[in-house]
Amino acid sequence: MSELGPLTLGALGRAVPPATRSAAAARVRGRSRASDRGAALSSLAEEVMALSRHLRRATEAVDGLSRGRREVLTELERRGPQTVPQMARSRSVTRQHVQSQVNQLVSWGYVEFATNPAHKRSHLVRLTEEGNAYLAAEERTEFRSLSALDIDATTEEIARTVRLIRELTKSLQRGADR
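Residues numbered from 1 in each chain as written. Predicted model: local features only at pLDDT ≥ 70, side-chain atom pairs only at ≥ 80, totals over all residues. Heavy atoms only, no water.

Caption draft 1: Here's a closer look at the nonpolar core. Counting 16 residues, the largest nonpolar core has L73, L76, M87, V102, L105, V111 and V125 as its most contacted members. In contact with V125, other than residues within four places in its own chain, are L76, P81, Q82, V84, M87, V102, V111, E112 and F113. (Core = buried A, V, L, I, M, F, W, Y, C linked by side-chain atoms within 4.5 Å. Buried < 20%, exposed > 50% of the residue type's maximum accessible area, 1.4 Å probe, protein only. Contact = heavy atoms within 4.5 Å.)

Caption draft 2: Representation of the packing of aromatic side chains in the model. Enumeration over the complete set of coordinates arrives at two aromatic pairs. Ring geometry for W108 versus Y110: centroids 6.2 Å apart, planes at 65 degrees, classification edge-to-face. A residue is classified by how much of its surface remains accessible, and W108, at 35% relative accessible area, is partly exposed. Residue classification places Y110 among the buried residues on the basis of a relative accessible area of 15%. Taking 4.7 Å as the distance between ring centres and 25 degrees as the angle between the ring planes, the aromatic pair formed by Y110 and Y134 counts as stacked. With Y110 in the loop between α5 (95–107) and β4 (111–114) and Y134 in helix α6 (residues 129–147), the pair connects residues that are 24 residues apart, well separated along the chain. Among the aromatic residues, ring-to-ring pairing joins W108, Y110 and Y134 into one connected group. (Phe/Tyr/Trp six-rings, centres within 6.5 Å; stacked < 30°, edge-to-face > 60°. Helix = DSSP H or I, 4+ residues; strand = E, 2+ residues; numbered from the N terminus.)

Caption draft 3: Structural view of the pairing of strand β5 (residues 124–127). Both strand β3 (residues 82–83) and β5 contribute to a ladder of two bridges, which runs antiparallel. Within the sheet, the bridge partner assigned to Q82 lies in β5 and is V125. (Pairing = 2+ DSSP bridges.)

Here is the structure:
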């Protein structure tokens, strides 16, 4: 397991020092294959969370936009205009949280409210031309930065990892929807 920082999250969401993780890994070695699979998925989850923290810091340092506001813009780009409640449900956060992010993005000119033919009081939020241009510029910068990373992985290995993370995400979403 690579070290991306001094602490990572354990299975229960608490900080676990690297030395404790290696002791826990030694206990896992004697378990069944099903347990090995669970341990491997747990390690994957820890690394994805650590990577997410590092990517968030790097992205915020480059573009100055919080992760939440960037997610709102990206979601609008991918899925088109949506209401604040729709965005809140898809991200599993409160409507008020998304509303505050949207209000800030409106003040910067990145998004705007539009009439919603399906609902009189719940307006649609959509990207403006300025918001689209901002996202395009950020994606180019992000692509250059990520392409310059020195990692020992082939394009196919990266694609397999993406598929695995997608499957894990879908499975977790299905479990949350039950």
